[in-house]
Structure formats: structure tokens, C-alpha cells
Amino acid sequence: AVQRTFSIIKPDATKRNLTGAIAAKFEESGLRIVASKRIQMTLAQAETFYGVHSERPFFGELCEFMISEPIVVQVLEGEDAIAKNREVMGATNPADAAAGTIRKEFALSIGENSVHGSDAPETAAEEIAFFFSGLELVG
Ligand code: CMP
């Protein structure tokens, strides 16, 4: 089925001018970018967005990293968009990521791993709504 998923191009990637190269990977895979904006999160926003990880040892580091530079938040649409995006991103840890994936080609470490993508339809809907109004989604 056609789905929408939420994506972040993270600070390590925007800082290295990889926004276009990463967007090209999405488009080449058949995903359509139906919304896109460059923002810089506040600490409160980052802590809310990553709330599910608040008990993890890397939570503080994760939130500080995510506010350290601008990010690009996007909504990607396509057939099985959630799974397709996860395939294009590759494994969370770039050391484990398959050849040709975004994280294999661009990520620096498990923390500075260039992209975030929703893991399920429910989280995709929540994450899209956190950053975008319905008017900003142009299918
Ligand atoms: P993301 O998909 O954005 O969701 C949670 C993030 O936590 C994950 O990507 C990783 O970048 C980050 N993360 C996971 N494990 C670690 C770790 N051990 N140290 C730092 N960051 C981590």
C-alpha cells in the first residue's frame, strides 16, 4: 500500500552538504519527497521527539547532537514507504549497514548516522504530525 514516512537528515549530514545526495537516494529508490524543510530544533523539541529513548544512556548525547546544527525534516511517500526508507537508510550502526545504503556511504558513527526514519505506521503518523501541518504536505 502507499504509505507516508517521516525522515530527518541529521546534523552530521547537513553540515557536510549531504542534503542533496541523501535526497537523491530517496528519489532514486522511488520515494517521493512530499514535504521538506530545514529547521533547527530546540532542546525541548529534541527531548520530546526522542522521548521514547529518555532512559537510554545516550539520550543526553543524542539530543545535544540533534540540536547542534540544522536538520532537514521530510515526509516521504510511496509503496511500502516505511520499509523502503529503512532499506535505503541501512542499519543504525554504519558498521553493519549494507553497501549502497545512506548510512554505509555517509554515516560517521552509530550516533552521527546521517538519517532518521520512522519504524512503523503509528510512529510515522506521530512524527509527521510533530513537525508538519496538513497544509504542508503536497502529494
Ligand atoms: P534514530 O533512528 O534517530 O533513533 C534513535 C537514535 O539513537 C538512533 O537513530 C541513533 O542515532 C542513536 N543511537 C542509538 N544507539 C546509540 C548509541 N549507542 N550511542 C549514541 N547514539 C545512539
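Note that the structure is predicted; figures quoted are calculated from it, not measured. (Residues numbered from 1 in each chain as written. Predicted model: local features only at pLDDT ≥ 70, side-chain atom pairs only at ≥ 80, totals over all residues. Heavy atoms only, no water.)

## A look at the sheet that holds strand 1 (residues 2-9)
For step 1, the next point in the chain: The 4 strands lie next to each other as 2-3-1-4, forming an open sheet whose pairing is antiparallel. The strands lining the two open edges of the sheet, one partner per strand, are strand 2 (32-39) and strand 4 (115-117). Ignoring which end each strand starts from, the neighbouring axes of this sheet average 20° apart.
For step 2, the next point in the chain: Here strand 2 pairs with strand 3 (residues 71-79) via 7 bridges, running antiparallel. Paired with Ile39 across the bridge in strand 3 is Ile71.
For step 3, the next point in the chain: Contacting strand 1, strand 3 and strand 4, helix 5 (residues 81-89) runs over the sheet at an angle of about 35° to strand 1. (Pairing = 2+ DSSP bridges. Helix = DSSP H or I, 4+ residues; strand = E, 2+ residues; numbered from the N terminus. Axes fitted to C-alpha atoms, helices over the stretch in contact; angles between N-to-C directions. Contact = heavy atoms within 4.5 Å.)

## Comments concerning the nonpolar core
For step 1, the next point in the chain: Grouped together as the largest cluster of nonpolar side chains are 20 residues, with contacts concentrated most on Phe6, Ile8, Met41, Met66, Val73, Phe131 and Phe132.
For step 2, the next point in the chain: When contributions to this core are tallied by element, the ones reaching two or more residues are strand 1, strand 2, helix 3 (43-49), helix 4 (59-66), strand 3 and helix 7 (121-131).
For step 3, the next point in the chain: Element by element, the count of residues in this core is highest for helix 4, at 5 residues.
For step 4, the next point in the chain: If we ignore the near neighbours within four places in the chain, the residues touching Met41 are Ala46, Met66, Ile67, Ile71 and Phe131.
For step 5, the next point in the chain: Counting residues in hydrophobic clusters, the runner-up holds 14 residues, among them Leu18, Phe26, Val72 and Val88. (Core = buried A, V, L, I, M, F, W, Y, C linked by side-chain atoms within 4.5 Å. Buried < 20%, exposed > 50% of the residue type's maximum accessible area, 1.4 Å probe, protein only.)

## A few points about the site of the ligand
For step 1, the next point in the chain: All residues in the neighbourhood of the ligand are listed as Lys10, Tyr50, His53, Phe58, Glu61, Leu62, Thr92, Ile110, Gly111, Asn113 and His116.
For step 2, the next point in the chain: Here an oxygen atom of the ligand and a side-chain polar atom of Lys10 are 2.8 Å apart.
For step 3, the next point in the chain: Here His116 contributes a side-chain N or O atom positioned 2.9 Å from an oxygen atom of the ligand.
For step 4, the next point in the chain: For the ligand, whose unbound accessible area comes to 460 Å², protein coverage reaches 79%.
For step 5, the next point in the chain: Tallied by class, the residues present in the shell around the ligand amount to 4 nonpolar, 5 polar and 2 charged. (Near = heavy atom within 4 Å. Polar contact = N/O pair within 3.5 Å; in protein donor to acceptor, adjacent residues only side chain to side chain. Areas by Shrake-Rupley, 256 points an atom, 1.4 Å probe, with all protein chains shown as cover. Nonpolar A, V, L, I, M, F, W, Y, C, P; charged D, E, K, R; others polar.)

## Things to note about the UniProt feature "active site" (unreviewed entry) in the chain
For step 1, the next point in the chain: Per the UniProt annotation, the sites labelled "active site" (unreviewed entry) are His116.
For step 2, the next point in the chain: Mapped onto the elements, His116 comes out in strand 4. (UniProt positions renumbered as here; feature names shortened; annotations may be inferred.)

## Points about the packing of aromatic side chains
For step 1, the next point in the chain: Using the criterion set out here, one finds 6 aromatic pairs in the structure.
For step 2, the next point in the chain: Taken together, a centroid distance of 4.9 Å and an interplanar angle of 80° make the contact between Phe49 and Tyr50 edge-to-face.
For step 3, the next point in the chain: Residue classification places Phe49 among the buried positions, given a relative accessible area of 11%.
For step 4, the next point in the chain: Within the aromatic cluster, the residues linked to one another by ring pairs are Phe6, Phe49, Tyr50, Phe130 and Phe131.
For step 5, the next point in the chain: The side chain of Lys37 reaches across the aromatic face of Phe132, ending 4.7 Å from its centre. (Phe/Tyr/Trp six-rings, centres within 6.5 Å; stacked < 30°, edge-to-face > 60°. Lys NZ or Arg CZ within 6 Å of the ring centre and 35° of its normal.)

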